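# Observations on the three-dimensional arrangement
What follows is the residue order along each chain.
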Amino acid sequence: MFREMRRKKQMLSNDECIEILNKGTSGVLALLGDNNYPYTVPISYIYCNSKLYFHGAKSGHKIDAIKKYSKASFCVIDQDNIIPEEYTTYFRSVVAFGNIHIMKNEIEIKKAIEDLAKKYYPNDSEVRRNIEIDKEWKSLCMMEFSIEYLSGKEAIEITVPDIFIPYSKFSICTSLQFFNKPNEENAKIKRKVCTNFPFDFGCIICINAFKKINNLLIETSLVVYILSNLISDIYPLFLPAD
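## Topic: the overall build of the chain
Across its full length, the chain holds five helices and eleven strands. Looking at the chain as a whole, 36% of its 242 residues are labelled buried. Here the analysis covers contacts within the chain between residues at least 6 apart in sequence; of these, 68% occur between residues at least 24 apart. Summing over all exposed atoms, the chain offers an accessible surface of approximately 15700 Å²; the carbon and sulfur share of this is 55%.

## Things to note about the nonpolar core
The biggest cluster of nonpolar side chains holds 28 residues, and the ones touching the most others in it are Leu 29, Leu 52, Phe 54, Phe 74, Ile 100 and Phe 145. Put simply, the parts of the chain that give this core at least two residues each are helix H1 (14-23), strand S1 (27-32), strand S2 (38-43), strand S4 (51-56), helix H2 (61-68), strand S5 (71-83), strand S6 (88-102) and strand S7 (141-154). With five residues, S7 is the single largest residue contributor to this core. In terms of nonpolar packing, the next biggest core, distinct from the first, is built from ten residues, Ile 46, Tyr 53, Ala 112 and Ile 113 among them.

Parameters at a glance
Residues numbered from 1 in each chain as written. Predicted model: local features only at pLDDT ≥ 70, side-chain atom pairs only at ≥ 80, totals over all residues. Heavy atoms only, no water. Helix = DSSP H or I, 4+ residues; strand = E, 2+ residues; numbered from the N terminus. Buried < 20%, exposed > 50% of the residue type's maximum accessible area, 1.4 Å probe, protein only. Contact = heavy atoms within 4.5 Å. Areas by Shrake-Rupley, 256 points an atom, 1.4 Å probe, with all protein chains shown as cover. Core = buried A, V, L, I, M, F, W, Y, C linked by side-chain atoms within 4.5 Å.

That's the geometry; what it means functionally is another story.
This is the structure in structure tokens:
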């Protein structure tokens, strides 16, 4: 029913998608709006047990769209770091597909709005929280989005393990360029290795490693080009110094 991701190596697991939904603070809700035009609206939310909850006014474009057609999607962007020199972004995001409806049960509405309030103001007292909820209760509309499918994707460059290239007899000069992101455990490491091999040969070592920490999947590729006359000519370089 739902389209499979083309670049499966960049696909996030279901647990990773849920983690993004749990820590996100806002997303974009997509509905079928007036005259069948897509209607998208940025909105706060809370995730709980395969459901998303939103709050808003009791009337407006969003409410009319939900009443007309229940199928919807919701996108949360977890990361979007621009890398100008590479003409790209290191992104991570998730899209939820499902059905949305306006909640009617007052007990369920109270529970949903309390959970939403706790998410955005966890240190508030229960008394003050209830005062604020009671103040807005008459004009409050709560919406429940039942998730049917989650699709998450990240840039393949995001999670790269730290691989060190040791210095050796060749006197390899290594330059490391780190792209550090705020609040991010991982960084892409670009290595450019140049050598001072004498005269008639050279060596370029390029290491590209990609690591998915959450599911412990490590994929490493190593490409080594050695341009030389004969292996026997460079073999002495690997021998320990006298």
